[in-house]
Amino acid sequence: SQTIHQWPATLVQPVGSPLSLECTVEGTSNPNLYWYRQAAGRGLQLLFYSVGIGQISSEVPQNLSASRPQDRQFILSSKKLLLSDSGFYLCAGTGGYNSPLHFGNGTRLTVT
Amino acid sequence: TQLLEQSPQFLSIQEGENLTVYCNSSSVFSSLQWYRQEPGEGPVLLVTVVTGGEVKKLKRLTFQFGDARKDSSLHITAAQTGDTGLYLCAGDEWENNNDMRFGAGTRLTVKP
């Protein structure tokens, strides 16, 4: 079965600093990969998804970007963080059509 | 507006009561999934429904997919305190089956 590794668990960064969150996948080849952001106690907002190496679809124009340099690696980045980038970031993967999402344990980002 | 509308947003009941939460959309989905999330963790899949009109049971939980594949419901019988959590529905849109969209969730509290 698929396992999503995501780190760090918590992160405190000053405004204007860069960001790099990494997500890796075990157990599946050529997974669809997703980055979500979740406000406290609410639903998940889809930020980016990728169906393959170098293929990124962006759902919401914002201060963030994503990259997929390898089949099982998905990276969320920012050049300069804003206060509004604070939140709970979740990486997820699926084996494809109609397959369930498997989530990492999330990264709690606080921008100060 | 959300692609998937969940209701109610919050629900607080006593242990032993029954409840139903809803997930509605104007879009057609190839599948709908229900997840349960604990604070500080990633969502965990409960069930996937794929066929219009499908009913699936998972112990005290009953899931139904609408005939038109636009809506779903989750019914819990004799709720327990361990059922407390955030319940999220997610859909794989028929016309774009690579992006998994989530509803805003139903926050369920079961009191002893």
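What counts, and where the lines are drawn
- Residues numbered from 1 in each chain as written.
- Chains lettered and ligands numbered in written order.
- Predicted model: local features only at pLDDT ≥ 70, side-chain atom pairs only at ≥ 80, totals over all residues.
- Heavy atoms only, no water.
- Helix = DSSP H or I, 4+ residues; strand = E, 2+ residues; numbered from the N terminus.
- Rg over C-alpha atoms; globule rule 2.2 N^0.38 Å.
- Contact = heavy atoms within 4.5 Å.
- Areas by Shrake-Rupley, 256 points an atom, 1.4 Å probe, with all protein chains shown as cover.
- Buried < 20%, exposed > 50% of the residue type's maximum accessible area, 1.4 Å probe, protein only.
- Polar contact = N/O pair within 3.5 Å; in protein donor to acceptor, adjacent residues only side chain to side chain.
- Buried area = accessible area lost by both parts, 1.4 Å probe.
- Salt bridge = Lys/Arg side-chain N within 4 Å of Asp/Glu carboxyl O.

(A) The arrangement of the overall build of chain A in detail. For chain A, the count of helices and strands is 0 helices and 11 strands. Going from the N terminus to the C terminus, chain A shows its helices and strands as β-β-β-β-β-β-β-β-β-β-β. The C-alpha atoms of chain A give 13 Å as radius of gyration, which agrees with the globular expectation for 112 residues (13 Å, within 12%). By sequence separation, contacts in chain A at least 24 residues apart represent 54% of the contacts at least 6 residues apart. Looking at chain A as shown, the accessible area adds up to about 5,000 Å², and 52% of this sits on carbon and sulfur atoms.

(B) Fine view of the side chain of Gln73 of chain A. Residues and elements named next belong to chain A. Along the polypeptide, Gln73 turns up in strand β8 (residues 73-78). Here Gln73 falls in the buried class, since its relative accessible area comes to 13%. For Gln73, the side chain forms a polar contact with the side chain of Glu22, separated by 2.7 Å. When sequence neighbours within four positions are dropped, the list of residues in contact with Gln73 reads Glu22, Cys23, Thr24, Leu33, Ser67 and Arg68.

(C) Looking closely at the interface of chain B and chain A. Each partner contributes to the interface: chain B provides 27 residues, whereas chain A provides 22 residues. Each partner contributes to the roughly 1,900 Å² buried at the junction of chain B and chain A, and carbon and sulfur atoms together form 51% of this total. Linking chain B to chain A there are 1 salt bridge. Residue Arg101 of chain B is joined to Glu59 of chain A by a salt bridge in which the shortest nitrogen-to-oxygen separation is 2.3 Å.

(D) Region of the structure containing the pattern of salt bridges. Residue and element names in this part refer to chain A. Applying the stated rule across the entire model yields 6 salt bridges over all chains. In this structure, Asp85 and Arg37 form a salt bridge, with 3.9 Å as the shortest nitrogen-oxygen distance. Residue Asp85 is located in the loop between β8 and β9 (87-94), and its partner Arg37 is located in strand β4 (residues 32-38); the two are separated by 48 residues in the primary sequence. We note that Asp85, like Arg37, is buried.

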